[in-house]
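Notes for the structure review
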Amino acid sequence: MVNEAVLSRVYLEAVLPCLELLTLRDTRASQLAARWNGSIRFCVGLSGPRCTVELRDSRATVTPAPLPRPDVGLFFPHEIMLNNLFRGKGLQIALPWKGLTKIKGLLTFSKLAERMQEVLESKDRETLELRAELMLGLMSRAIAVLARHDPDYKVQASHLHGVTEFRIRTGSASHVDFSGGTTKASVGRASSPDFILEFADSPLFLDVADDKVDVLAKACLGEISLKGDLHMGQIVNIALDKIGEYLL
């Protein structure tokens with residue numbers, strides 16, 4: 001069963017940060033972001049997650065914290081209301097406690113969110129590499145969220161110490177650091193990963209993410225490789241299954 005409180009963190013801390021890379025690499029997204037300069041704060045409940053999206057000079061910056069003096073402030077009384085906004089269904093209530101008249105900022109964010117969904121769900125070859133890079137980052141950030149907040153998974157993740165890296169053989173990479181008493185996700189390759197899950201190319205990675213291929217068969221062909229601490233790999237695989245449940 002999906003934990004709605006954890007899902008709200010997945011959306012704010014794992015999905016929304018995709019806007020940073022999107023506005024950097026996608027011309028359409030950059031053009032949309034250029035329409036407005038300002039910041040939007042998302043608040044969930046009295047003690048739920050907070051997140052600030054800042055648009056400046058055609059780029060987006062996403063901070064998992066309530067930065068001071070936002071131009072627009074949106075308060076969601078319950079995490080389900082935020083989740084429904086991202087799911088595009090159900091009751092969606094956002095109370096604008098600041099910037100009610102700054103409709104342009106909200107419209108710009110809405111268009112950017114639509115573009116992000118379009119790219120993440122695209123099947124076009126023109127956006128294939130970007131989609132793969134976005135998915136790698138999203139995947140690592142979502143694992144970090146689950147390791148910190150999912151009641152079941154954080155118990156399993158608490159026994160891990162080291163770094164897991166996901167990478168495309170000749171392309172992008174991301175990694176998750178389970179060291180230091182917390183869990184942190186980062187883009188790029190790690191200096192000394194303890195476990196590596198490597199894919200031959202971006203199309204294969206995306207097919208695996210979409211559950212379209214036989215992973216074992218591809219591993220036997222050498223197109224998917226697992227290296228290093230396989231126990232860590234097993235625990236990480238549990239998180240990957242959970243991400244699929246959360247983001248169906």
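Anyway, here's the lowdown on the structure attached to this text. In this text, all values refer to a predicted model and were calculated from it rather than measured experimentally.

1. Notes on the overall build of the protein
- The secondary structure content of the protein amounts to 10 helices and 10 strands.
- For 248 residues, the compact-globule formula gives about 18 Å, and the C-alpha radius of gyration of the protein, at 18 Å, lands near that figure.
- Oriented by its inertia axes, the alpha-carbon framework of the protein measures out at about 60 × 40 × 35 Å.
- Sorting the 248 residues of the protein into buried and exposed places 46% on the buried side.
- For the protein, long-range pairs separated by at least 24 residues make up 66% of all intrachain contacts whose partners lie at least 6 apart in sequence.
- In the form shown here, the protein has an accessible surface area of approximately 12,400 Å², with 54% of it arising from carbon and sulfur atoms.
- Mean positive and mean negative side-chain charge positions of the protein (30 and 30 charges, respectively) differ by 7 Å.

2. Notes on the sheet that holds strand β5 (residues 95-98)
- Read across the open sheet, the 5 strands follow the order β3-β2-β1-β4-β5; overall the sheet is mixed. Every interior strand has two partners, whereas the edge strands, β3 (59-63) and β5, have only one. Going from strand to strand, the sheet's axes swing by 20° on average, the running direction of each strand aside.
- Relative to strand β4 (residues 72-76), strand β1 (residues 38-44) runs parallel, the two being bridged by 5 bridges. Bridge pairing in β4 links Arg 41 to Gly 73.
- Packing of helix α5 (residues 103-120) onto the sheet brings it into contact with β1, β2 (50-56) and β4, and relative to β1 it is tilted by some 75°.

3. Focus: the side chain of His 175
- Mapped onto the elements of the fold, His 175 is located in strand β7 (residues 173-177).
- For His 175, a relative accessible area of 12% gives the class buried.
- Separated by 2.8 Å, the side chain of His 175 and the backbone oxygen of Gly 188 make a polar contact.
- In contact with His 175, other than residues within four places in its own chain, are Ser 140, Val 163, Thr 164, Glu 165, Lys 184, Ala 185, Ser 186, Val 187, Gly 188, Arg 189 and Ala 190.

4. Side note on helix α1 (residues 4-15)
- Extensive coverage of α1 is indicated by the burial of 9 of its 12 residues.
- By the burial criterion, the buried members of α1 are Val 6, Leu 7, Ser 8, Val 10, Tyr 11, Leu 12, Glu 13, Ala 14 and Val 15.

Definitions and limits used
Residues numbered from 1 in each chain as written. Predicted model: local features only at pLDDT ≥ 70, side-chain atom pairs only at ≥ 80, totals over all residues. Heavy atoms only, no water. Helix = DSSP H or I, 4+ residues; strand = E, 2+ residues; numbered from the N terminus. Rg over C-alpha atoms; globule rule 2.2 N^0.38 Å. Buried < 20%, exposed > 50% of the residue type's maximum accessible area, 1.4 Å probe, protein only. Contact = heavy atoms within 4.5 Å. Areas by Shrake-Rupley, 256 points an atom, 1.4 Å probe, with all protein chains shown as cover. Lys, Arg positive; Asp, Glu negative; His and termini not counted. Charge placed at Lys NZ, Arg CZ, Asp CG, Glu CD. Pairing = 2+ DSSP bridges. Axes fitted to C-alpha atoms, helices over the stretch in contact; angles between N-to-C directions. Polar contact = N/O pair within 3.5 Å; in protein donor to acceptor, adjacent residues only side chain to side chain.

Take it as geometry only, folks, not as evidence of what the structure does.
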